[in-house]
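Below, each chain spelled out in residue letters.
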Amino acid sequence: MERMQGDGEVDHLEQPSPLTDKERVMVQDSWTQVYQNCDDAGVAILVRLFVNFPSSKQFFSQFRHMEEPEELERSTQLRKHAHRVMTAINTLVESLDNSDKMTSVLKLVGTAHAVRHKVEPVYFKILSGVILEVLGEAFPEVMTPEVAAAWTKLLATVYCGIRAVYEEVGWNKLSTSTG
């Protein structure tokens with residue numbers, strides 16, 4: 001049975017406090033090392049997402065039928081999407097001191113996923129957990145507990161921003177809920 005991180009939880013999480021200067025530096029410094037391997041890290045994140053949460057593949061016609069992690073890893077479409085995900089994260093990390101730019105990126109991503117792709121917002125919460133898990137395993141020397149806490153705060157901020165965009169575009173959870 002598939003784990004559904006966030007199932008049954010209230011989606012209206014409180015907006016975390018803004019990152020402190022120290023947290024911003026920790027996120028940006030750690031990201032510099034992660035981004036050197038962005039394609040591999042992105043693929044690892046998406047493969048983990050699709051293996052641990054197979055229902056997340058339903059939004060991807062190009063590889064929803066793929067079951068084996070090795071097959072997913074070889075998928076050109078998955079690699080392209082992983083690159084887009086990592087590029088979006090890179091833009092957010094580079095824009096930590098520019099809330100207008102962050103809001104703009106979240107609005108683009110949130111609107112596309114809500115309106116065009118019809119992705120349930122809980123998958124952004126799930127993806128956040130997967131990102132933390134994979135980065136912690138792949139970069140243990142970088143993702144110290146303090147750095148991981150800063151990333152957790154950033155990803156919670158991103159999730160809250162995405163949820164706000166979903167609400168703005170009129171996402172109706174009741175009509176799209178699978179549960």
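Quick look at the structure, then. The structure displayed is predicted, hence computed values, not measured ones. (Residues numbered from 1 in each chain as written. Predicted model: local features only at pLDDT ≥ 70, side-chain atom pairs only at ≥ 80, totals over all residues. Heavy atoms only, no water.)

**What about the overall build of the chain?**
Logical step 1: Within the chain, the regular secondary structure consists of eight helices and zero strands.
Logical step 2: Reading the helices (α) and strands (β) of the chain from amino to carboxyl end gives α-α-α-α-α-α-α-α.
Logical step 3: In the chain, which comprises 179 residues, the proportion classed as buried is 45%.
Logical step 4: Counted over contacts in the chain with a minimum sequence separation of 6, partners at least 24 positions apart contribute 78%.
Logical step 5: Taken as a whole, the chain presents about 9,800 Å² of accessible surface, with 53% of it coming from carbon and sulfur. (Helix = DSSP H or I, 4+ residues; strand = E, 2+ residues; numbered from the N terminus. Buried < 20%, exposed > 50% of the residue type's maximum accessible area, 1.4 Å probe, protein only. Contact = heavy atoms within 4.5 Å. Areas by Shrake-Rupley, 256 points an atom, 1.4 Å probe, with all protein chains shown as cover.)

**Description of helix α2 (residues 38–52)**
Logical step 1: With 15 residues, α2 should reach 21 Å at 1.5 Å per residue; the first-to-last C-alpha distance of 21 Å fits that figure.
Logical step 2: Buried within α2 we find C38, A41, G42, V43, I45, L46, V47, L49 and F50.
Logical step 3: In this fold, the buried residues of α2 make contact with α1 (21–35), α3 (69–74), α4 (76–94) and α6 (122–138). (Expected span 1.5 Å × (residues − 1).)

**Here we look at the pattern of salt bridges**
Logical step 1: For the structure on display, the rule yields eight salt bridges.
Logical step 2: The closest approach of N and O atoms between K107 and E168, which form a salt bridge, is 2.5 Å. Separated by 61 residues along the polypeptide, K107 in helix α5 (residues 99–116) and E168 in helix α7 (residues 145–168) bring together distant segments of the chain.
Logical step 3: The exposure class of K107 is partly exposed, given its relative accessible area of 40%.
Logical step 4: Sharing partners across several salt bridges, the network here consists of R48, E133 and E137. (Salt bridge = Lys/Arg side-chain N within 4 Å of Asp/Glu carboxyl O.)

**As for the nonpolar core**
Nonpolar side chains in soluble globular proteins tend to be buried together.
Logical step 1: Of all hydrophobic cores here, the largest spans 54 residues; its most connected members are L49, F50, L78, M86, I89, W151 and L154.
Logical step 2: Elements with a minimum of two residues in this core: α1, α2, α4, α5, α6 and α7. (Core = buried A, V, L, I, M, F, W, Y, C linked by side-chain atoms within 4.5 Å.)

**Overview of the packing of aromatic side chains**
Logical step 1: For the structure shown, the criterion picks out eight aromatic pairs.
Logical step 2: Ring geometry for Y166 and W171: centres 5.0 Å apart, planes at 70°, overall edge-to-face. Each member of the pair, Y166 as well as W171, is classed as buried.
Logical step 3: By way of ring pairs, the aromatic residues W31, Y35 and W151 are connected into one cluster. (Phe/Tyr/Trp six-rings, centres within 6.5 Å; stacked < 30°, edge-to-face > 60°.)

**Observations concerning the side chain of N90**
Logical step 1: Assignment of secondary structure puts N90 in helix α4.
Logical step 2: Once residues within four sequence positions are removed from consideration, N90 is found in contact with W31 and Y35.

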